[in-house]
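# Reading the structure
Each chain, letter by letter, is given below.
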Amino acid sequence: MTLLSLRDLSVSLHGRAVLRDVTLEIGAGEFVGLIGPNGAGKTTLMRAALGLIPAIGESNLAQLLQGARARRAAWMPQAREIAWPVSVEDVVMLGRMPHRDRGRRPTAQDRARVDEAIAWMGLEEMRHRGATRLSGGEQARVLIARALAQEAPLLMADEPIAGLDPAHQIMTMQTFAGLAAHGRSVLVSLHDLGIAARHCTRIVMLDEGRLVADGPPAEVLTPERLAHVFGITAWYRQTADGPVYQPLEVIR
Ligand SMILES: Nc1ncnc2c1ncn2[C@@H]1O[C@H](COP(=O)(O)OP(=O)(O)OP(=O)(O)O)[C@@H](O)[C@H]1O
């Protein structure tokens, strides 16, 4: 089943083409890492796919009404400061809004999904704390939990592991991989090529608004592309513990 379908999606901002003719399909069970240098168009691609900014071309999600779209796709934007002085648990419960009737109390299922998301993100001990009083990384984990509680078939997250400590980066990527293994799909932008190679089933690479590579990590992250698109060299080995990538030098 196709969960995200983009056809010739293009975006111009202030007269500049920042996304150019991107065609992309993501099916059930895929964990897709969206990579590219700063300014390559990753955020723009995801926002345009969701219909949050005007675009030319087609996106299956952009065509949906807001409520239907929220049941199809959960979205975690890059900005992760929580401004509402409510508890962690209440922020995560916001993820259940697309499933709840207005003004009705949360159901047992709503509570179960919130508990599950809180456990996935290791937030049990802080679930009753004020969300504004958490560290930046803790707030990011709360917002990931909110997106997980939404229980949408597709999860899209913009740099969800930026600012998380190594254990929580791994935990988050493993949670996303687990969702994909159970038939949901995940699209995340990220800058850590090693983590992308290790956890994602597929990598989509953008450069200057264009999709320049799409496939399994080892096929996309070639020395030529890393040099041409990112301007770096990297060390790569397939090990008994899985693929290991380590960026090494900037090519001048
Ligand atoms: N509101 C805007 N007006 C004009 N140009 C913009 C605007 N927002 C983004 N851009 C430009 O669009 C291009 C793509 O930006 P985008 O945020 O999609 O990149 P990105 O790949 O997510 O980058 P990063 O890795 O730095 O988050 C950049 O060149 C950026 O400067």
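Residues numbered from 1 in each chain as written. Predicted model: local features only at pLDDT ≥ 70, side-chain atom pairs only at ≥ 80, totals over all residues. Heavy atoms only, no water.

Note the threshold: UniProt positions are given in the numbering used here, feature names are shortened, and annotations may be inferred rather than shown by experiment.
Going by the annotation in an unreviewed UniProt entry, the name recorded for the chain is ABC transporter ATP-binding protein, with Roseovarius spongiae given as the source organism. The record in UniProt for the chain states the following under Function (unreviewed entry): "Part of the ABC transporter complex HmuTUV involved in hemin import. Responsible for energy coupling to the transport system."

## Quick word on the packing of aromatic side chains
Where two aromatic rings form a pair, the distance of their centres and the angle of their planes describe that pair. Short version of the rule: Aromatic pairing here means that ring centres of Phe, Tyr or Trp (its six-membered ring) are within 6.5 Å. Orientation follows from the plane angle: under 30 degrees is stacked, over 60 is edge-to-face, and everything else is tilted. Secondary structure elements follow DSSP: runs of H or I of four or more residues count as helices, runs of E of two or more count as strands, with numbering from the N terminus. Three labels apply to residues, based on accessible area from a 1.4 Å probe with only protein chains included: buried if under 20% of the type maximum, exposed if over 50%, partly exposed otherwise in between.
Applying the stated rule across the entire model yields 2 aromatic pairs. When the ring of F31 is compared with that of F176, the centres are 6.0 Å apart and the planes differ by 85°; the resulting orientation is edge-to-face. Linking F31 in strand β3 (residues 31-35) with F176 in helix α6 (residues 166-181), this pair joins segments that are 145 residues apart in sequence. With a relative accessible area of 0%, F31 lands in the buried category. Judged by relative accessible area, which is 0%, F176 ranks as buried. Relative to Y245, the ring of Y236 lies with its centre 4.5 Å away and its plane at 40°, an arrangement referred to as tilted. Classification of Y245 as buried rests on a relative accessible area of 8%.

## As for the side chain of S189
Rules: What qualifies as a polar contact is a pair of N or O atoms within 3.5 Å, subject to a donor-acceptor requirement within protein and to the restriction that residues adjacent in sequence count only when both atoms come from side chains. A contact between two residues is defined here by any heavy atoms of the two lying within 4.5 Å.
Looking at where S189 falls in the secondary structure, it is placed in strand β7 (residues 185-189). Among the polar contacts made by the side chain of S189, one reaches the side chain of D158 at a distance of 2.6 Å. Excluding anything up to four places from it in sequence, S189 contacts L34, K42, M46, A157, D158, E159 and P160.

## Remarks on the packing of helix α5 (residues 136-149) against α6
Applied cut-off: Interaxial angle, 0 to 180 degrees, is taken between N-to-C directions of lines fitted to C-alpha atoms, where a helix line uses only the stretch in contact. Angular relationships are summarised with four words: roughly parallel below 35 degrees, roughly antiparallel beyond 145, roughly perpendicular across 65 to 115, and oblique for the angles in between.
Where α5 meets α6, the axes come as close as 12 Å, and the angle between the chain directions of the two elements is 5°. Regarding the angle of α5 to α6, the classification is roughly parallel. Residues R141, I144 and L148 of α5 form the contact with α6, whose participating residues are H168, T172, T175, F176 and L179.

## A short note on helix α4 (residues 108-120)
To keep it simple, the criterion reads: A helix's residues, less one, multiplied by 1.5 Å, set its expected span. This arc is built from the directions going out from the helix axis to the C-beta atoms.
Taking 1.5 Å as the rise per residue, α4 with 13 residues should run 18 Å; its terminal C-alpha atoms sit 18 Å apart, in good agreement. Those residues of α4 that fall on the buried side of the exposure criterion are D110, V114, A117 and I118. The buried residues of α4 all sit within an arc of 100° when viewed along its axis, so they share a single face. Buried residues along α4 sit against α3 (88-93) and α5.

## Brief notes about the site of the ligand
Applied cut-off: Residues are classed as near a molecule or strand on a simple rule: at least one heavy atom within 4 Å of it. The Shrake-Rupley method, run with a 1.4 Å probe sphere, supplies the accessible areas, and residue values consider only the shown protein chains as cover.
In the vicinity of the ligand, 15 residues are found, and the nearest of them are G39, G41, K42, T43 and T44. Within the side chain of N38, a nitrogen or oxygen atom sits 3.0 Å from an oxygen atom of the ligand. Between the ligand and T43 there is a distance of 2.8 Å, counted from an oxygen atom to a side-chain nitrogen or oxygen. In isolation the ligand offers 650 Å² of accessible surface; the protein chains occlude 66% of this area.

## Things to note about the layout of surface pockets
Our working definition: Grid points spaced at 1 Å over the protein atoms alone were grouped into cavities, where a 1.4 Å probe fits but cannot get out, and pockets, open sets with protein on both sides within 12 Å along at least five of seven lines, with lining residues defined by an atom within 4 Å of a point. Grid points are joined across faces, edges and corners, and a volume is the space filled by probe spheres set on the points. Gly falls in the polar group here, along with every residue not listed as nonpolar (Ala, Val, Leu, Ile, Met, Phe, Trp, Tyr, Cys, Pro) or charged (Asp, Glu, Lys, Arg).
Taken as a whole, the largest pocket spans an internal volume of roughly 520 Å³. Lining the largest pocket we find 17 residues, and of these Q66, A70, A73, P98 and Q150 sit closest to its centre. Looking at the lining of the largest pocket, the elements with two or more residues in it are α2 (66-72), β5 (73-76) and α5. Counting residues per element, the lining of the largest pocket draws most heavily on α2, at 5 residues. Looking at the second largest pocket, its volume works out to about 180 Å³. Every residue lining the second largest pocket is listed: M97, R100, D101, R102, G103 and R104. By residue class, the composition of the lining of the second largest pocket is 1 nonpolar, 1 polar and 4 charged.

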